[in-house]
Amino acid sequence: MRRTLYMLILMVLLLFPACSGEADLATMYSEGRYEELLSICDDSLSDSIDADHLYYKMLCHYRLGQFREANRSAVVFYAIQRGEDDRRIDEALRIILYYNDDSTLSIRAGEYLCSRPGAGTDEKIAYFKALTSCGEYDRAAEIYNDVRGDLSDRSAALMCIDAEASSTLIVSNLEAWVMEEGRTQETREAVMEAARILISRGDGELILTIALNVYEVGDSLVAIMIGDIYAQMGIPGTASTYYSYAYEDYPQMTMSRLRALQRRT
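Residues numbered from 1 in each chain as written. Predicted model: local features only at pLDDT ≥ 70, side-chain atom pairs only at ≥ 80, totals over all residues. Heavy atoms only, no water.

Glancing now at the overall build of the protein. Summing up its helical and strand segments, the protein has 16 helices and 0 strands in all. Since a compact globule built from 265 residues should have a radius of gyration of about 18 Å, the 27 Å found for the protein marks it as more spread out than a globular shape. Projected onto its principal axes, the C-alpha positions of the protein cover 105 × 40 × 30 Å. Considering only contacts in the protein between residues 6 or more positions apart, those separated by 24 or more positions represent 49%. Total accessible area on the protein is roughly 15,100 Å²; 50% of this is exposed by carbon and sulfur atoms. (Helix = DSSP H or I, 4+ residues; strand = E, 2+ residues; numbered from the N terminus. Rg over C-alpha atoms; globule rule 2.2 N^0.38 Å. Contact = heavy atoms within 4.5 Å. Areas by Shrake-Rupley, 256 points an atom, 1.4 Å probe, with all protein chains shown as cover.)

Structurally, Glu-123 can be placed in helix 8 (residues 121–133). Side chain to side chain, Glu-123 and Arg-94 meet in a polar contact 2.5 Å long. (Polar contact = N/O pair within 3.5 Å; in protein donor to acceptor, adjacent residues only side chain to side chain.)

Before going further, it helps to spend a moment on helix 7 (residues 103–114). The terminal C-alpha atoms of helix 7 lie 16 Å apart, and with 12 residues this matches the ideal 16 Å at 1.5 Å per residue to within 8%. Residues of helix 7 that are buried include every one of Ser-106, Ile-107, Ala-109, Gly-110, Leu-113 and Cys-114, and no others. Around the axis of helix 7, the buried residues are gathered within 165° of arc, so they sit on the same side. Each element contacted by the buried residues of helix 7 is listed here: helix 6 (87–99), helix 8 and helix 9 (137–147). Where helix 7 starts, the residue carrying a side-chain oxygen 2.9 Å from the main-chain nitrogen of Thr-104 turns out to be Asp-102. (Expected span 1.5 Å × (residues − 1). Buried < 20%, exposed > 50% of the residue type's maximum accessible area, 1.4 Å probe, protein only. Arc of directions from axis to C-beta.)

Taking 1.5 Å as the rise per residue, helix 16 (residues 251–264) with 14 residues should run 20 Å; its terminal C-alpha atoms sit 20 Å apart, in good agreement. For helix 16, the full list of buried residues reads Thr-254, Ala-260 and Leu-261. The buried residues of helix 16 occupy an angular sector of 120° when the element is viewed end-on, so they sit on one face. The exposed set on the far side of helix 16, more than 90 degrees from its buried face, consists of Gln-252, Gln-262 and Arg-263.

Side chains of Ile-49, Val-76 and Ile-80 sit close together on the surface and give an oily, nonpolar patch of about 250 Å² of accessible area. For Ile-80, the location among the structural elements is in helix 5 (residues 67–81). The partly exposed category is assigned to Ile-80, whose relative accessible area is 41%. (Patch = residues over 30% accessible without salt bridge, like charges linked within 9 Å, V, L, I, M, F, W, Y side chains within 5 Å. Salt bridge = Lys/Arg side-chain N within 4 Å of Asp/Glu carboxyl O.)

Okay, the packing of helix 12 (residues 185–201) against helix 14 (residues 220–232) next. Between helix 12 and helix 14, whose axes approach to 11 Å, the crossing angle comes to 25°. The angle between helix 12 and helix 14 falls in the class roughly parallel. Between helix 12 and helix 14 lies a crossing whose hand is left-handed. Contacts between helix 12 and helix 14 involve Arg-188, Val-191, Met-192, Ala-195 and Ile-199 from the former and Leu-221, Val-222, Met-225, Asp-228, Ile-229 and Gln-232 from the latter. Residues that form the contact of helix 12 with helix 14 fall into these classes: 8 nonpolar, 1 polar and 2 charged. (Axes fitted to C-alpha atoms, helices over the stretch in contact; angles between N-to-C directions. Parallel < 35°, antiparallel > 145°, perpendicular 65-115°, else oblique. Left-handed = near helix turned anticlockwise from the far one by under 90°. Nonpolar A, V, L, I, M, F, W, Y, C, P; charged D, E, K, R; others polar.)

Turning next to the packing of aromatic side chains. Under the defined criterion, the tally for this structure stands at 12 aromatic pairs. Centre to centre, the rings of Phe-128 and Tyr-144 are 6.2 Å apart; their planes meet at 40°, and the pair counts as tilted. One end of the pair, Phe-128, is in helix 8; the other, Tyr-144, is in helix 9, with 16 residues separating them in the sequence. Taken together, the ring pairs connect Tyr-29, Tyr-34, Tyr-55, Tyr-56 and Phe-77 into an aromatic cluster. Its guanidinium or amino end placed over the ring of Tyr-55, Arg-88 lies 4.8 Å from that ring's centre, counting from NZ or CZ. (Phe/Tyr/Trp six-rings, centres within 6.5 Å; stacked < 30°, edge-to-face > 60°. Lys NZ or Arg CZ within 6 Å of the ring centre and 35° of its normal.)

What follows is the structure, given as structure tokens:
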């Protein structure tokens, strides 16, 4: 009788192989066995969708720096778990907010996360960027006003440049940062990037004063940038002067600009 019982148990085990339970998955994750755990999750998900395996697949990709794959898993996880009041939903939405290429999905994630008490500054910044990229400027302004008091001039300027926010927001925050810290390698690079954005919009004049503040003799790239601003403003003589400062380092770049100025005049 006992032998028959053992045989039945053995047959059940053979027919239904042991699966990794949620506790086992959590243990492997806490031990940092991400690649091994990812393989288990992939094997399980090849047969059916399981929330636990999908959740840990998402986390493993994230920990391995595979953000595109983490985002894909996060989107599916949110789709099947939507409506659940679970911290895991918040983790999925954060990944969607930060790493989704579809700004519409990022906005939905940000709206949910930032509507909850205790929403983090990083989440609000990412939400601001998503709103700006979709042209939702009024809502972006609300988030900006909400988060600005928590940011330094540097952080606010970088946030606005990264989000390609309105020209006035970029300039006001960048100006405050440059006034506080003066010319550093970081402020110089920020002014260069901001100028690229504003010149492309036809707003170069707004950043001219800041550009002049970070310019130093011998900085050819900033000289070219200032020349571009003056050219856009319709002041070819001063534009030519700044282009000439950069000629020795960038002869082709400056000559093409000087020829363009001559054609305009």
